[in-house]
Structures are given as C-alpha cells and as structure tokens.
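Structure at a glance
Here is what each chain is made of, one letter per residue.
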Amino acid sequence: MSQTQSGFTKQTARNMFYGGSVFFALLFAVIVFDTEQRIPERSNAQAITPAVVAGKKIWETRNCIGCHTLLGEGAYFAPELGNVYKRRGGDFIKGWMKAMPTGAPHRRQMPQFDLNEQQLNDLVEFLKWTGEINTEKWPPNIEG
C-alpha cells in the first residue's frame, strides 16, 4: 500500500516564496516607475522663482521645521504650513511673523526672527509655492 502525501511540500513552499517574492518585487518596481513619472506634473517645479528659493533658505536657516510641519514633514509643535497661504493669505502671514511673540499667557509662542520686508516676501512666496504643489488633497483639512 503506497502512501500519498497531502499538503504543502518543501518544494511547493519554496516555489510560492520565490514566486511571491518576484511578483511583489515587480509590483514594487511598477509602482515606483509610475510614481517617478508623475512627479514632474505634481511638483509645481515650473513655478520655482528666485523668491521661492530665497524663501526656502529662510525656512531652512530659521529651522521652521523644528516646530511646524510642511506637507506632513517636520515637528508637530505648531501648525501645518503646507496650505497656510490658502488659509490666511500673504498679508496675514507677514503680520503674524512681525507680531511674534505676542506675550499671550499660557500659549505657545513663536520667536521673533526680525525678518526684513524682502525676507518676509520671500518666505510668503515659498509658502505660496508649497501650497500649489499637487499633494492629492493633503492635508485633508484646510486648517492643516
């Protein structure tokens, strides 16, 4: 009387492992390729101006990301600024920056960076540009 094996054999398990690994590696490659193809149309790179570049430098040198998030990246101590231009507008942003710190008791305070008018304009241009990047509706709430 011969016995038949039932269930998975080592060979079947090995084939499933290698086949699944190849399938998901190919799937990952396709997703990466598709994403790379979409970046130019979503990045808003055509709108980068010298003012946007100068504003990004201010953002970086003042370590704004140490408190704020920008498109979901950064610290969560202060509000998301990826869409702040759409929420508040350039004049509000400049007025807010000039008024800090307010000295309101029991509130987190933003430091005073003593930016001149050109630096404020550049920072606003950077935040405006950032708000025009196609983020697939991120953040999902207009208030960040």
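Fair warning: this is a prediction, and the values are worked out from it, not measured in the lab.

Scanning the protein chain from N- to C-terminus turns up five helices and two strands. In the protein chain, the succession of helices and strands from N to C terminus is α-α-β-β-α-α-α. The globule rule puts the C-alpha radius of gyration for 144 residues at 15 Å, and the 25 Å found for the protein chain is more than 25% above it. The dimensions of the protein chain, computed from C-alpha atoms along their principal axes, are 90 × 40 × 25 Å. Considering the protein chain as a whole, with its 144 residues, one finds that 25% of them fall into the buried category. Across the protein chain, contacts joining residues at least 24 apart in sequence account for 56% of those joining residues at least 6 apart. Element-wise, carbon and sulfur atoms account for 60% of the exposed surface of the protein chain, whose accessible area totals about 10,600 Å². For the protein chain, the separation between the mean place of its 16 positive charges and that of its 14 negative charges on side chains is 6 Å.

Looking now at helix H1 (residues 10-42). A rise of 1.5 Å per residue sets the reference length of H1, with its 33 residues, at 48 Å; its end C-alpha atoms lie 47 Å apart and thus fit the reference within 8%. Asn 44, located one to two residues past H1, shows a positive phi value of around 65°.

So, about the UniProt feature "domain: Cytochrome c" (unreviewed entry) in the protein chain. UniProt tags residues 50-131 as "domain: Cytochrome c" (unreviewed entry). With 51% helix and 5% strand, the stretch residues 50-131 has end C-alpha atoms that lie 17 Å from each other.

Quick look at empty space enclosed by the protein now. Scanning the entire structure with this criterion turns up one cavity of 30 Å³ or more. Quantified by volume, the largest cavity comes out at close to 40 Å³. What lines the largest cavity is Met 97, Lys 98, Pro 111, Gln 112, Phe 113, Asp 114, Leu 115 and Leu 120. Looking at the lining of the largest cavity residue by residue, the classes come out as five nonpolar, one polar and two charged.

Here we take up the pattern of salt bridges. Inspection of every chain in the model, using the stated rule, returns five salt bridges. Residues Arg 42 and Glu 136 are paired through a salt bridge, measuring 3.7 Å at the closest nitrogen-oxygen approach. Residue Arg 42 is located in helix H1, and its partner Glu 136 is located in the segment after helix H5 (117-131); the two are separated by 94 residues in the primary sequence. Judged by its relative accessible area of 27%, Arg 42 is partly exposed. Classification of Glu 136 as exposed rests on a relative accessible area of 54%. Measuring nitrogen to oxygen at the nearest pair gives 2.2 Å for the salt bridge that ties Glu 60 to Lys 56. A residue pair is termed a helical-turn pair when its members lie 3 or 4 positions apart in one helix, as Glu 60 and Lys 56 do in helix H2 (residues 50-61) at four residues. Among the residues examined, Lys 56 registers a relative accessible area of 38% and is labelled partly exposed. Among the charged side chains, a network of salt bridges with common partners joins Lys 94, Lys 98 and Glu 117.

Quick notes on the rules
Residues numbered from 1 in each chain as written. Predicted model: local features only at pLDDT ≥ 70, side-chain atom pairs only at ≥ 80, totals over all residues. Heavy atoms only, no water. Helix = DSSP H or I, 4+ residues; strand = E, 2+ residues; numbered from the N terminus. Rg over C-alpha atoms; globule rule 2.2 N^0.38 Å. Buried < 20%, exposed > 50% of the residue type's maximum accessible area, 1.4 Å probe, protein only. Contact = heavy atoms within 4.5 Å. Areas by Shrake-Rupley, 256 points an atom, 1.4 Å probe, with all protein chains shown as cover. Lys, Arg positive; Asp, Glu negative; His and termini not counted. Charge placed at Lys NZ, Arg CZ, Asp CG, Glu CD. Expected span 1.5 Å × (residues − 1). UniProt positions renumbered as here; feature names shortened; annotations may be inferred. 1 Å grid on protein atoms, 1.4 Å probe; cavity = no way out; pocket = protein on both sides within 12 Å on 5 of 7 lines; lining within 4 Å. Points joined across faces, edges and corners; volume = space filled by probe spheres on them. Nonpolar A, V, L, I, M, F, W, Y, C, P; charged D, E, K, R; others polar. Salt bridge = Lys/Arg side-chain N within 4 Å of Asp/Glu carboxyl O.

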